[in-house]
Amino acid sequence: MDVLETSKLLDEELYSRQLYVLGLPAMQRIQRAKVLLSGLQGVGAEVAKNLVLMGVGSLTLHDPHPTCWSDLSAQFFLSEQDLGRSRAEASQELLAKLSGAVQVCIHTGDITEDLLLDFQVVVLTASELQEQLKVGTICHKHGVCFLVADTRGLVGQLFCDFGEDFTVQDPTEAEPLVAAIQHISQGSPGILTLREEADAHRFNNGDLVTFSGIEGMVELNGCAPRPLHVQRDGTLEIGDTTTFSHYLRGGAVTEVKRPKTVSHEPLDTALFQPRVVAQSPQEVHRAHCLHQAFHALHKFQQLHGRPPKPWDPVDAEMVVDLAQALESLKGTEGEPLEEQLDKALVRRVALSSAGGLSPMAAVLGAVAAQEVLKAVSKKFMPLDQWLYFDALDCLPEDEEPFPNPEDYAPRPKAEVAAEAARRLNSDLQVTPLTYQLDLTTEHIYGDNFFSSVDGVAAALDSFQARRYVAARCTHYLKPLLEAGTKGTLGSACVFIPHVTEDYRAPASAAASEDASYPVCTVRHFPSTTEHTLQWARDEFEGLFHLSAETVNCHQQALTSLAHLDESQVLTVQQVVLGVLRQRPQTWRDCVLWALGQWQLCFHYGITQLLSRFPPDKVLENGTLFWSGPKQCPRPLEFDASQDTHLLYVLAAANLYAQMHGLPGSRDQTALRRLLKLLPLPDPQDFAPIFSSDLELASAYAEFGPEQSKQLHEALEIWTVGPPLEPLTFEKDNDFHVDFVAAAASLRAQNYGIPPADRTKTKRIVGQITPAIATTTAAVAGLVGLELYKVVGSPRPRSAFRHSYLNLAENYFSRWVPHAPAIQKFHHWKWTCWDRLEVPAGQPERTLESLLAHVQKLNGLRVRMLLHGKALLYSAGWSPEKQDQHLSRRVTDLVLEVTRQVPKPGQRVLVLELSYEGEKEDVTFPPLHYKL
């Protein structure tokens, strides 16, 4: 089912980004899900928030315990007014307000076997081990998915039991591989050749595939999934095709994802035989030690009726002793694990276990909520079975003394608030700035602005923006906390001046963001879905934006077309000399124009292209013109009964009507009736279509006085009346997306390319980054943990962590950032964080004085100043002329070269250096000339 049809079931705008991650079938299962969540402290609140935002059918809250002061540290739904109320009751109202589509209920009684049978998933947070074992046993017995999530200070624990036979319908986030078919042979086995050689190497032996859109060998269309065998030459064996019809052309092969079965042990078994998510043997051992630490904390609670006191060494040693006394853990085969308990690690866990931290709750709550969605949607692989996450690196280094226990004893909130207020300003000020942060706003986000901040936390949508903000942080020597998500992928990184490396965008990601396609390929020789989408997006821009702007411009200058470039002239020519010789006056006129555009793009234009490059055209070297990625197109015949044909005309006519200030229509039935009455436009009515860029250029060159006169006359008719309304593409406008989706699909049919559905079209053309609440929450928590280190006393590089996670595939990785790279030139060494700082002096320095000062700083003789922020470089500035300016003031030279004076509040000029007599290209530290 296409996303167009989901409006009856889903709020498309509300869940649009999530749909790109999960897909419609999974979202429908989520909407029917019933989840029980017991425990509404910090982690529970995060789980509940994420589940409501992601649209589960119903969420039942269970937590009869009264709200206390300590709950307010990490439970954002609670406030002072809720003290004494049950945590579930106090949280229910605000949770329900997050989404009217989710039923949020409260259960006030005990958790019984009968109650558990009414849910698909049960989640326990902040629960005792005895309760976990009791509830876990019942859930495993009845096939109810069961999760345990908890945090103790800077350590988190998550356990999943989805039963002994849980089927995952869609194990990964990757879309099924779709490839265009070049040829299929008859035989046993039949051999399939793909149009793109690269696609063949993406398939693996045993992959199951289906077929669609094949002409000739139609027996394969819609057949049961067939296994592939990849041959050395890249062709694919697809089984016996001997009895099938002869293959003619076209078609696509689509990968069928295979379900996977997961088997989980119940908690009472997994407690002593844990399977942990880890990336290395060292991480496995650490996770086992944390597993024993959590078990020991439960034992401590059971023996003493309380958790260990914060930073109490006596309580901490008792926890270590309990951990050592526990039964040895066993491996997957039941054999005892001969592992040495890391007593120092257990001790640090015990000392810091009493705190409730919002970032830790965010991370564990996000991952737990993601596991709930896996349970109900059967999408993505669940955890197997324990996950331990720790951020003990936030604690002081080993050589630093631990905090005094008395300093962390519970105190009245009023005293704590007063002490915190005295350490900070008298009042917290939050200033929203709505100006974009880029080169155009450096007069706003300049020296004064950055000198007033201690660091930057960035969560930007593009690598271009990330690179810019990172460069500003490097320039101003400010710490940068950088976060990003894409679907179930997330990262959190920290960059500290003089301590860590600086930010570098991934080369592959940055390149893909700026990817573009050759114009000629997009116009006439598309071979991929992305080509068709780019073509459709360009059509929208040309027909509904550029043409309107050009006509409006011509209203002001009817005397000449000289101010237009060749593409604008041809665009205007197509609009004003096309099917309609004058402005549309009615809805019928707009439909006629849209029908003409359909014929022009998908029938007549293709026919004209084939008349120049026939299907059997042979090049001088003897090869077929239409071969390799160049797929020979075929013209389409308009059929109003086909949904894509009708959708194109409906969307195009409405956009054309809006551009001319006319009312449109959404009535598809009436449109079908009208189309039966309208004749197909005659090819002679169309403006010329040019089959190559060379032909287009020659056509423009031949655009002589007669053609110019004809176009002027048409434009004079068009410019009578109000200006046209140029339309700017909006990804949330249905007609905008419908036009691009239909145009791209029809273009794909012309060339035998697998089309993109509306969901994929909207994501790619709208440049939408898939997003999901769980990943966002987890990354926010990871950034929050690094913030603790940034705002505290200076930390060594070993304290900081870059983090990366993939919630779909249960991958979690944290590592120490690299040190900044050291650059060297002769005896001079520096890193990306270094710069040369020179005060202006009184009176202001001359160029000769500045160069002498720089030579004193680095011992090298600088030949000249190159272009930087102040641009001491121009066509008239050269090394030979430098000596003429040695006696002049630096700011006078800047003004002469750049025609700019320092902006108000600007404190430095940033200049670049080169070295006399050296040909090698060296990037020296920037020179900050203080004003």
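Just so it is clear, the structure is predicted and the values come from calculations on it, not from any experiment.

(A) Representation of the confidence of the model for the chain within the structure. Averaged over all residues, the pLDDT of the chain equals 82, while 82% of them reach at least 70. Across residues 1-8, where pLDDT falls below 50, the model places 13 contacts with residues more than four positions away in sequence or in other chains. In this model, residues 862-877 is a region of pLDDT below 50 whose contacts with residues beyond four sequence positions or in other chains number 57 contacts.

(B) Local environment of the environment of alanine 821. By the secondary structure assignment, alanine 821 is in the loop between strand 21 (811-815) and strand 22 (823-825). You can call alanine 821 exposed: its relative accessible area is 57%. Residues alanine 821 and glutamate 501, 320 residues apart in the sequence, show an inter-C-alpha distance of 6.7 Å. Ignoring anything within four residues of it in the chain, the contact list for alanine 821 reads Trp830, Thr831 and Cys832.

(C) Highlighting the packing of aromatic side chains. One pass over the full model with this rule turns up 27 aromatic pairs. For the pair phenylalanine 450 and tyrosine 476, a centre-to-centre distance of 4.7 Å together with 5 degrees between the ring planes defines the contact as stacked. Of this pair, phenylalanine 450 sits in helix 14 (residues 447-451) while tyrosine 476 sits in helix 15 (residues 463-476), placing them 26 residues apart in sequence. Taken together, a centroid distance of 5.8 Å and an interplanar angle of 70 degrees make the contact between phenylalanine 525 and phenylalanine 625 edge-to-face. Pair noted here: phenylalanine 525 is in the loop between helix 17 (519-524) and helix 18 (529-556) and phenylalanine 625 is in the loop between helix 20 (587-612) and helix 21 (643-659), with a separation of 100 residues, a long-range link. Each member of the pair phenylalanine 525 and phenylalanine 625 is classed as buried. Taken together through their ring pairs, the aromatic side chains of Trp535, Phe540, Phe544, Trp593, Trp598, Phe602, Phe638, Tyr648, Tyr656, Phe729 and Phe739 make up a single cluster. Over the ring of phenylalanine 525 we find lysine 630, and its NZ or CZ is 4.6 Å from the ring centre. Sitting over the face of the ring of tryptophan 535, arginine 747 holds its NZ or CZ atom 4.4 Å from the ring centroid.

(D) Quick peek at the sheet that holds strand 21. As summarised here, the arrangement of the 5 strands in space is 17-18-19-20-21, forming an open sheet in which the pairing is mixed. The strands lining the two open edges of the sheet, one partner per strand, are strand 17 (456-458) and strand 21. The average angle at which neighbouring strand axes cross in this sheet is 5 degrees, direction not considered. With 5 bridges connecting them, strand 20 (residues 802-806) and strand 21 associate as antiparallel partners. Across the sheet, residue asparagine 806 finds its bridge partner in strand 21, namely tyrosine 811.

(E) Structural context of the pairing of strand 2 (residues 58-62). Among the 5 residues in strand 2, 5 count as buried, and that is most of the element. Both faces of strand 2 are covered, namely the face carrying Ser58, Thr60 and His62 and the face carrying Leu59 and Leu61. Summarising the sheet, strand 1 (residues 34-38) and strand 2 pair through 5 bridges and their orientation is parallel. Paired with leucine 37 across the strands is leucine 61, a residue of strand 2.

(F) Structural view of the nonpolar core. Formed by 119 residues in total, the largest nonpolar core has its most connected members in Leu51, Leu59, Leu61, Val121, Val122, Phe146 and Leu158. It is helix 12 (residues 358-377) that contributes the most residues to this core, 12 residues altogether. Leave out the neighbours within four places in its chain, and valine 121 touches Lys34, Val35, Leu36, Val144, Cys145, Leu147, Val372, Ala375 and Val376. With 48 residues, the next largest nonpolar core counts Leu543, Ala594, Ala652 and Met659 among its residues.

(G) Region of the structure containing the sheet that holds strand 9 (residues 191-194). Strand order in this open sheet of 7 strands is 11-10-14-8-9-13-12, and the pairing throughout is antiparallel. Bordering the open sheet on either side are strand 11 (226-227) and strand 12 (229-230), each of which pairs with just one other strand. In this structure, strand 10 (residues 208-212) lies alongside strand 11, joined through 2 bridges in antiparallel fashion. Opposite valine 209, over in strand 11, you have arginine 226 as the bridge partner.

(H) Representation of a nonpolar patch on the surface. Among the surface-exposed residues, Tyr804, Tyr811 and Trp815 lie close enough to one another that they form a single nonpolar patch of about 270 Å² accessible area. Inspection of the secondary structure assignment puts tryptophan 815 in strand 21.

(I) A look at helix 15. In this model helix 15 runs 20 Å from its N-terminal to its C-terminal C-alpha over 14 residues, within 8% of the 20 Å that 1.5 Å per residue would give. The element helix 15 is extensively covered by neighbouring structure, given that 10 of its 14 residues are classed as buried. When we look at burial in helix 15, the residues that qualify are Phe463, Arg466, Tyr468, Val469, Ala470, Arg472, Cys473, Thr474, His475 and Tyr476. Positive backbone phi, at 55 degrees, marks leucine 477, one or two positions downstream of helix 15.

(J) Representation of the side chain of aspartate 170 in the model. Residue position: aspartate 170 is located in the loop between strand 7 (166-168) and strand 8 (178-184). On the basis of relative accessibility, which here comes to 17%, the residue aspartate 170 falls in the buried class. Among the polar contacts made by the side chain of aspartate 170, one reaches the side chain of lysine 379 at a distance of 2.5 Å. The contact partners of aspartate 170, leaving out residues within four places of it in the chain, are Lys257, Lys378, Lys379 and Phe380.

(K) Expanded view of helix 12. Between its first and last C-alpha, helix 12 extends 28 Å over 20 residues, near the 28 Å set by a 1.5 Å rise per residue. Burial analysis of helix 12 places 19 of its 20 residues in the buried class, the great majority of the element. Downstream of helix 12 by a residue or two, lysine 378 has a phi angle that is positive, lying close to 60 degrees.

Here is what the cut-offs are and how they apply
Residues numbered from 1 in each chain as written. Predicted model: local features only at pLDDT ≥ 70, side-chain atom pairs only at ≥ 80, totals over all residues. Heavy atoms only, no water. pLDDT = per-residue confidence, 0-100. Contact = heavy atoms within 4.5 Å. Helix = DSSP H or I, 4+ residues; strand = E, 2+ residues; numbered from the N terminus. Buried < 20%, exposed > 50% of the residue type's maximum accessible area, 1.4 Å probe, protein only. Phe/Tyr/Trp six-rings, centres within 6.5 Å; stacked < 30°, edge-to-face > 60°. Lys NZ or Arg CZ within 6 Å of the ring centre and 35° of its normal. Pairing = 2+ DSSP bridges. Axes fitted to C-alpha atoms, helices over the stretch in contact; angles between N-to-C directions. Core = buried A, V, L, I, M, F, W, Y, C linked by side-chain atoms within 4.5 Å. Patch = residues over 30% accessible without salt bridge, like charges linked within 9 Å, V, L, I, M, F, W, Y side chains within 5 Å. Areas by Shrake-Rupley, 256 points an atom, 1.4 Å probe, with all protein chains shown as cover. Salt bridge = Lys/Arg side-chain N within 4 Å of Asp/Glu carboxyl O. Expected span 1.5 Å × (residues − 1). Polar contact = N/O pair within 3.5 Å; in protein donor to acceptor, adjacent residues only side chain to side chain.

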